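Architecture at a glance
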Amino acid sequence: MSRNQNEVPNRTTDLPRLSEEEMEFFKSSPSGYRFWPTDTQLILDYLHKKVHHQPLPLNRIMNVDLYKFNPGNLADIYKDYGEGEWYFFTPRDKNNRRLRASGDGYWIGGEAAEPIRHNSIIIGRKNTFIFYIGKHPNGSSTDWIMNEFILENPPPAPLPNIDPDGQEPNPELDDCVLCQIYKECARFFSEDDEPESPRAEEIDDNNEFIGDDFEPESPPPPNDFAQL
């Protein structure tokens, strides 16, 4: 692909873009097709390959220091890169697993991450965050949600992490994680679409849905997060 898979810019002018050829590839998809991988696919096909320096399938997952930005600003910048949800590879701050300063606000996550299994083996974990505008602990909750995907057993040698000044690896940043952001009220809509049912997250080893009925996933309400 045209961009460096390990480069994590943090300034708007440095944000990566797909090439014209790559954008045309996604635009040429038949009507109804979209980039909408399951949790298992995000871990196995993208995050695992990313941290092991393996070639990735053609995708719209950008390398961005997500915690430098308001999620709404990122969604505007990458308007053509997602249909109600956007994906980013980003380093993770080691200092606080549940509270993350980000742009003009902060993210607050749940206390426990959900394990993601494949063939009965835990391959990664997912934690859900809610974005708040303002300064902690007095910010106001928004409709912006983030799912953070973490590889269960990352390689011992961490990826290079980019310091805000762009000079040296930053020891306070963790290994690469994969983040999915979306606005809860608009996740399953595009501007011209009718509402649709979300996909089932549970898929068996034959890539078939488990069960006939499922409820749309939703994050814990803000009141369920313990005060930090």
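Keep in mind the model is a prediction, meaning the values are calculated, not measured.

Another aspect to go through is the overall build of the protein chain. Check the secondary structure of the protein chain and you find 3 helices and 8 strands. Counted from the first residue to the last, the protein chain has its helices and strands arranged as α-α-β-α-β-β-β-β-β-β-β. For the protein chain, the share of sequence-separated contacts (at least 6 apart) that also reach a separation of at least 24 residues comes to 69%. Total accessible area on the protein chain is roughly 12600 Å²; 47% of this is exposed by carbon and sulfur atoms.

Attention now moves to the pairing of strand β4 (residues 105–109). Burial of β4 is extensive: 5 of the 5 residues sit out of reach of the surface. A two-sided burial pattern is seen for β4, the buried positions comprising Gly-105, Trp-107 and Gly-109 on one face and Tyr-106 and Ile-108 on the other. Of the strand pairs in this sheet, strand β3 (residues 99–102) and β4 are connected by 4 bridges, and their pairing is antiparallel. Pairing of Leu-99 across the sheet is with Ile-108, part of β4.

Looking now at the pairing of strand β7 (residues 140–151). On any regular strand, side chains alternate: one points to one face of the sheet, the next to the other face. As paired elements, strand β6 (residues 121–133) and β7 share 9 bridges and run antiparallel to each other. Looking across to β7, one finds that Asn-127 is bridged to Glu-148. Counting the residues between successive antiparallel strands, the hairpin from β6 to β7 contains 6 residues, one of them, Gly-134, with a positive phi of roughly 110 degrees.

What follows covers helix α2 (residues 39–51). Among the residues of α2, those classed as buried are Asp-39, Thr-40, Leu-42, Ile-43, Tyr-46, Leu-47, Lys-50 and Val-51. Where α2 is buried, its residues meet β1 (62–63), β2 (85–90), β5 (114–118), β6, β7 and β8 (177–183). Just beyond α2, the residue with positive phi is His-53, at close to 60 degrees.

We now examine the confidence of the model for the protein chain. Overall, the predicted model of the protein chain reaches an average pLDDT of 75, with 64% of residues at or above 70. Throughout residues 188–217 the model reports pLDDT below 50, and contacts reaching past four residues in sequence, or to other chains, amount to 42 contacts.

On to the packing of aromatic side chains. Following the criterion strictly, the structure yields 5 aromatic pairs and no others. Centroid distance Tyr-78 to Tyr-81: 5.0 Å. Interplanar angle 80 degrees. Geometry classified as edge-to-face. The class for Tyr-78 is buried, based on a relative accessible area of 1%. Among the aromatic residues, those joined into a ring-pair cluster are Tyr-78, Tyr-81 and Phe-88. Across from the ring centre of Tyr-78, 5.3 Å away, lies the NZ or CZ of Arg-17, which sits over that ring.

Residues His-136 and Pro-137 are joined by a peptide bond in cis, for which omega reads 5 degrees. With respect to the helices and strands, the residue Pro-137 is situated in the loop between β6 and β7. Notably, His-53 is not glycine yet its phi reads approximately 60 degrees, a positive angle. Relative to the elements of secondary structure, His-53 occurs in the loop between α2 and β1. Unusually for a residue other than glycine, Ser-120 sits at a positive phi of about 70 degrees.

A separate point is the pattern of salt bridges. Under the definition given, this model contains 4 salt bridges. In this structure, Asp-39 engages Lys-126 in a salt bridge whose closest nitrogen and oxygen atoms are separated by 2.9 Å. A residue pair is termed long-range when its members are at least 10 positions apart, and Asp-39 in helix α2 and Lys-126 in strand β6 qualify at 87 residues. Residues Glu-83 and Arg-60 are paired through a salt bridge, measuring 3.7 Å at the closest nitrogen-oxygen approach. Of this pair, Glu-83 sits in the loop between α3 (71–77) and β2 while Arg-60 sits in the loop between α2 and β1, placing them 23 residues apart in sequence.

Within the fold, Phe-89 resides in strand β2. For the pair Phe-89 and Tyr-46, spaced 43 residues apart in sequence, the C-alpha to C-alpha distance is 9.5 Å.

Leu-66, Tyr-78, Phe-88, Trp-107 and Ile-181 are the most contacted members of the largest nonpolar core, which totals 23 residues. Mapped onto this core, the elements with two or more residues apiece are α3, β2, β6, β7 and β8. Residue contacts for Phe-88: discarding those within four places in its chain leaves Ile-61, Met-62, Val-64, Leu-66, Leu-74, Tyr-78, Val-177, Leu-178, Cys-179 and Ile-181. Of all hydrophobic cores here, the second largest spans 17 residues; its members include Trp-36, Leu-42, Ile-43 and Cys-176.

Conventions we followed
Residues numbered from 1 in each chain as written. Predicted model: local features only at pLDDT ≥ 70, side-chain atom pairs only at ≥ 80, totals over all residues. Heavy atoms only, no water. Helix = DSSP H or I, 4+ residues; strand = E, 2+ residues; numbered from the N terminus. Contact = heavy atoms within 4.5 Å. Areas by Shrake-Rupley, 256 points an atom, 1.4 Å probe, with all protein chains shown as cover. Buried < 20%, exposed > 50% of the residue type's maximum accessible area, 1.4 Å probe, protein only. Pairing = 2+ DSSP bridges. pLDDT = per-residue confidence, 0-100. Phe/Tyr/Trp six-rings, centres within 6.5 Å; stacked < 30°, edge-to-face > 60°. Lys NZ or Arg CZ within 6 Å of the ring centre and 35° of its normal. Salt bridge = Lys/Arg side-chain N within 4 Å of Asp/Glu carboxyl O. Core = buried A, V, L, I, M, F, W, Y, C linked by side-chain atoms within 4.5 Å.

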